[in-house]
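Reading the structure
Spelled out from the first residue to the last, the chains are:
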Amino acid sequence: MSQTPQQIIAIVPAAGIGSRMGATLPKQYLALNEQTILGHTLDCLLSHPSIEKVVVALSPVDDYFAELPQAVHPKLEAVIGGKERADSVLAGLQIADAGAWVLVHDAARPCLTHADIDKLIASSSAFPQGAILAAPVRDTMKRTNAEGVITATVCREQLWHALTPQFFPVHSLKKNLTDALAAGALITDEASAMEWAGIMPAVVSGRADNIKVTHPDDLQLASLFLKSHI
Ligand SMILES: Nc1ccn([C@@H]2O[C@H](COP(=O)(O)OP(=O)(O)OP(=O)(O)O)[C@@H](O)[C@H]2O)c(=O)n1
Ligand SMILES: C[C@](O)(CO)[C@H](O)COP(=O)(O)O
């Protein structure tokens, strides 16, 4: 059984505008339990002993990051993100060591725990192609037509919510993400770029409270989840 990677970095795509949140500032800078959403996310990654560097991808017009206390952390480096999330991740990969492994984690997921990071890192010995945190679907799943009328019940066996972090060798993710985007593939997470290349990652069951703050009512949920971690 191979060892877990010696060199691990994190990339945090944080260049979005949070349009679905409908706030007056990018959602990653909204207040959450005396911090910002991004501040919580960065604190979790910067404090993990196995993560040697955290690369955050920012909007070219970001006016907020420099004010964060985390901005001066010695393990933190900032790059300019891109038009889509995948472009921002690729911007981070440009400064990553090819021999490292990378944990890509959404800025908008502030409830991540070290225990889940440990589980994902440990999975690399069994899954050298890479793996993602995921949560099993609990509800009956429906597909509808454009009018909102049910057209099918989707089998939920082996059906998962893809979460982040998503954990891959830098060289493999960088090549496959570059090629997938160049081919015009729709890439909404790192795993889909690997799948596009025929490399099928594994899932590692993670906490269901590792939510992505997307809509306004997610903020109170994230607050409650973070308080439950203390
Ligand atoms: N061009 C982009 C778009 C998104 N992201 C980041 O990708 C993560 C997940 O994306 P999402 O939740 O969709 O964030 P937004 O794109 O900001 O939200 P929305 O789609 O509602 O505008 C977020 O941390 C976001 O900042 C990014 O780095 N670069
Ligand atoms: C990466 C991700 O969080 C996995 O569920 C999700 O794909 C991000 O999608 P978004 O549309 O950029 O929020």
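Residues numbered from 1 in each chain as written. Chains lettered and ligands numbered in written order. Predicted model: local features only at pLDDT ≥ 70, side-chain atom pairs only at ≥ 80, totals over all residues. Heavy atoms only, no water.

A tally of regular secondary structure across the chain gives six helices and eleven strands. The C-alpha atoms of the chain give 17 Å as radius of gyration, which agrees with the globular expectation for 230 residues (17 Å, within 12%). For the chain, the residues scored as buried account for 47% of the 230 residues in total. Residue pairs at least 24 apart in sequence account for 70% of intrachain contacts in the chain once pairs closer than 6 positions are excluded. Accessible area of the chain: about 11300 Å², with a carbon and sulfur share of 56%. A gap of 5 Å separates the mean positions of the 17 positive and 23 negative side-chain charges of the chain. (Helix = DSSP H or I, 4+ residues; strand = E, 2+ residues; numbered from the N terminus. Rg over C-alpha atoms; globule rule 2.2 N^0.38 Å. Buried < 20%, exposed > 50% of the residue type's maximum accessible area, 1.4 Å probe, protein only. Contact = heavy atoms within 4.5 Å. Areas by Shrake-Rupley, 256 points an atom, 1.4 Å probe, with all protein chains shown as cover. Lys, Arg positive; Asp, Glu negative; His and termini not counted. Charge placed at Lys NZ, Arg CZ, Asp CG, Glu CD.)

In this structure the tally under the stated criterion is seven salt bridges. As a salt-bridge pair, D106 and R85 come within 2.8 Å of each other at their nearest N and O atoms. Placement of the pair is D106 in the loop between strand 6 (101-104) and helix 3 (114-122) and R85 in helix 2 (residues 85-93), with a sequence separation of 21 residues. Judged by its relative accessible area of 24%, R85 falls in the partly exposed class. For the salt bridge of D106 with R109, the shortest nitrogen-to-oxygen distance reads 3.0 Å. (Salt bridge = Lys/Arg side-chain N within 4 Å of Asp/Glu carboxyl O.)

A separate point is the layout of surface pockets. When its volume is computed, the largest pocket comes out at roughly 950 Å³. Surrounding the largest pocket, 34 residues form its lining, R20, R85, D106, T188 and K212 being those nearest its centre. Elements represented by at least two residues in the lining of the largest pocket include exactly strand 1 (8-14), helix 2 and strand 10 (160-169). Here the residues of the lining of the largest pocket sort into 14 nonpolar, ten polar and ten charged. (1 Å grid on protein atoms, 1.4 Å probe; cavity = no way out; pocket = protein on both sides within 12 Å on 5 of 7 lines; lining within 4 Å. Points joined across faces, edges and corners; volume = space filled by probe spheres on them. Nonpolar A, V, L, I, M, F, W, Y, C, P; charged D, E, K, R; others polar.)

Next up on the list: the state of the cysteines. In total, this model carries zero disulfides according to the counting rule given. With no disulfide of its own, C111 lies closest to C44 among cysteine sulfurs, the gap being 9.8 Å. (Disulfide = S-S within 2.5 Å.)

The next point concerns the site of ligand 1. Surveying the vicinity of ligand 1 reveals 19 residues, the closest of which are G18, S19, R20, K27 and S88. At 2.7 Å, a backbone N or O of G18 approaches an oxygen atom of ligand 1. Take K83: an N or O atom from its main chain is 2.9 Å from a nitrogen atom of ligand 1. Look at ligand 1: alone it shows 560 Å² of surface, and the protein chains cover 88% of it. When atoms are counted within 2 Å of each cavity's grid points, the one that captures over half of ligand 1 is the largest pocket. For the shell around ligand 1, the secondary-structure elements that each account for two or more residues are strand 1 and helix 2. Among the residues forming the shell around ligand 1, the class breakdown is six nonpolar, six polar and seven charged. (Near = heavy atom within 4 Å. Polar contact = N/O pair within 3.5 Å; in protein donor to acceptor, adjacent residues only side chain to side chain. Sits in = over half its atoms within 2 Å of the grid points.)

To continue, consider the sheet that holds strand 1. Pairing in this open sheet of seven strands is mixed, and the strands run 5-4-1-6-10-7-11 from one edge to the other. Each edge of the open sheet carries a strand with a single partner, namely strand 5 (76-80) and strand 11 (202-205). Put simply, the sheet's adjacent strands are angled 30 degrees from each other on average, direction ignored. Bridge analysis of strand 7 (residues 131-136) against strand 11 gives four bridges, and the strand direction is parallel. Looking at strand 11, one finds that L133 is bridged to V204. The sheet contacts of helix 4 (residues 170-182) involve strand 6 and strand 10, and relative to strand 10 the element is tilted by about 115 degrees. (Pairing = 2+ DSSP bridges. Axes fitted to C-alpha atoms, helices over the stretch in contact; angles between N-to-C directions.)

What follows covers helix 4. Taking 1.5 Å of rise per residue, 13 residues should cover 18 Å, and helix 4 covers 18 Å from first to last C-alpha, within 8% of that figure. As for helix 4, its buried residues are in contact with helix 2, strand 6, strand 10 and helix 5 (190-196). Positive phi appears at G184, one or two residues downstream of helix 4, with a value of about 80 degrees. (Expected span 1.5 Å × (residues − 1).)

Turning our attention to the UniProt feature "site: Transition state stabilizer" (unreviewed entry) in the chain. Per the UniProt record, the feature "site: Transition state stabilizer" (unreviewed entry) sits at R20 and K27. Put simply, the named residues that line the largest pocket are R20 and K27. Owing to a relative accessible area of 53%, R20 belongs among the exposed residues under this scheme. Not counting residues within four places of it along the chain, the set of residues in contact with R20 comprises K212, T214, H215 and P216. Given a relative accessible area of 11%, K27 falls into the buried group. Excluding anything up to four places from it in sequence, K27 contacts I17, G18, M21, I37, A108, V213 and T214. (UniProt positions renumbered as here; feature names shortened; annotations may be inferred.)

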